[in-house]
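Descriptive structure summary
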Amino acid sequence: MTDIAKDNLQSSDRPQNTEPKTIITEIVDGKTINMKYNRYIDKYEQLPDEPIRSFYANGKPNFEKLPDGTVRTWHKNGQLKSEDLPDGTERWWYENGQIRSEYLPEIASRAWYPSGALAYEYFPDGTGCSWHSNGQLKCEKYNGTVTEYNSYGKIIRHSTNGKDDTKSYLKAKERREALRQIISKKIDNRESKRPNTETKKYKRIIKNKIMTKLLASIKATITK
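Notes on the structure follow. (Residues numbered from 1 in each chain as written. Predicted model: local features only at pLDDT ≥ 70, side-chain atom pairs only at ≥ 80, totals over all residues. Heavy atoms only, no water.)

Examining a positive patch on the surface
Taken together, the side chains of Lys-167, Lys-171, Lys-173, Arg-175 and Arg-176 define a basic patch exposed on the protein surface. Inspection of the secondary structure assignment puts Lys-173 in helix α2 (residues 166–192). (Patch = residues over 30% accessible without salt bridge, like charges linked within 9 Å, V, L, I, M, F, W, Y side chains within 5 Å. Areas by Shrake-Rupley, 256 points an atom, 1.4 Å probe, with all protein chains shown as cover. Salt bridge = Lys/Arg side-chain N within 4 Å of Asp/Glu carboxyl O. Lys, Arg positive; Asp, Glu negative; His and termini not counted. Charge placed at Lys NZ, Arg CZ, Asp CG, Glu CD. Helix = DSSP H or I, 4+ residues; strand = E, 2+ residues; numbered from the N terminus.)

Next comes the structure, spelled out in structure tokens:
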């Protein structure tokens, strides 16, 4: 098999229903080479035997690819721009050094605004949230439901298992809120008709203790 054939090893050539290894070792024409899986184009690419580096005209680093598959890029001001590690971890940074996004295999995918505020956080099972730049919740996904909000916190869309049910959801939410207010009002009215409830209870306890002592004293006198 030629180097080109190895470089273009497709997913169909791998065992089905298995996650591809990030780094594999192959023997080509009697030479051992390392190959890294590129999930964007779904194939393996041969890794260099020596580091590959390039630089900007000002002498600052621009690009770096190491034999283990690590790839890094930099902004012109010298700040790290991106990092792609052999385990599949990926991170990106803004030019000011603030982290922009990260992908952690089998853990989470996150992104941040230039201000440092979290923009979104999603997990492999599809659950997660995103936020507006003002910090207000923008979207939340959980157990097949998706709820979207505007920048003021008002629900603008709701769906369940991919089916839009915004109107029915808002009506049900309105009924629940109305019921909660009715119950709260009834509780307040009931308590208002029993002022100093705790004080009365405390007085009953004191009275019962005094009566118990009195009865015990009378019983002792009769016994004598």
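Side note on the packing of aromatic side chains
According to the stated counting rule, one finds 2 aromatic pairs in the structure shown. Here the aromatic rings of Tyr-120 and Tyr-122 are separated by 5.8 Å at their centres, their planes lie at 35 degrees, and the arrangement is tilted. By relative accessible area, Tyr-120 is classed as partly exposed at 29%. Between Lys-141 and the ring centre of Tyr-122, over which it is positioned, the NZ or CZ distance is 5.3 Å. (Phe/Tyr/Trp six-rings, centres within 6.5 Å; stacked < 30°, edge-to-face > 60°. Buried < 20%, exposed > 50% of the residue type's maximum accessible area, 1.4 Å probe, protein only. Lys NZ or Arg CZ within 6 Å of the ring centre and 35° of its normal.)

What about the state of the cysteines?
Counted by the stated rule, this structure contains 0 disulfides. The thiol of Cys-139 is unpaired, and the distance to the nearest cysteine sulfur, on Cys-129, comes to 7.7 Å. What makes Cys-139 buried here is its relative accessible area of 9%. (Disulfide = S-S within 2.5 Å.)

Brief notes about the pattern of salt bridges
A side chain of one charge can pair with a side chain of the opposite charge if their charged atoms are brought near each other. For the structure on display, the rule yields 10 salt bridges. Asp-84 is the partner of Lys-36 in a salt bridge, and the nearest nitrogen-oxygen pair spans 3.4 Å. In this pair, Lys-36 is assigned in strand β2 (residues 31–38) and Asp-84 in strand β7 (residues 80–84), connecting sequence segments 48 residues apart. You can call Lys-36 buried: its relative accessible area is 10%. Residues Asp-164 and Arg-157 are paired through a salt bridge, measuring 3.4 Å at the closest nitrogen-oxygen approach. Assessed through its relative accessible area of 46%, Asp-164 is described here as partly exposed. You can call Arg-157 partly exposed: its relative accessible area is 29%. Residues joined in a network through salt bridges with shared partners are Arg-53, Glu-64, Arg-72 and Glu-83.

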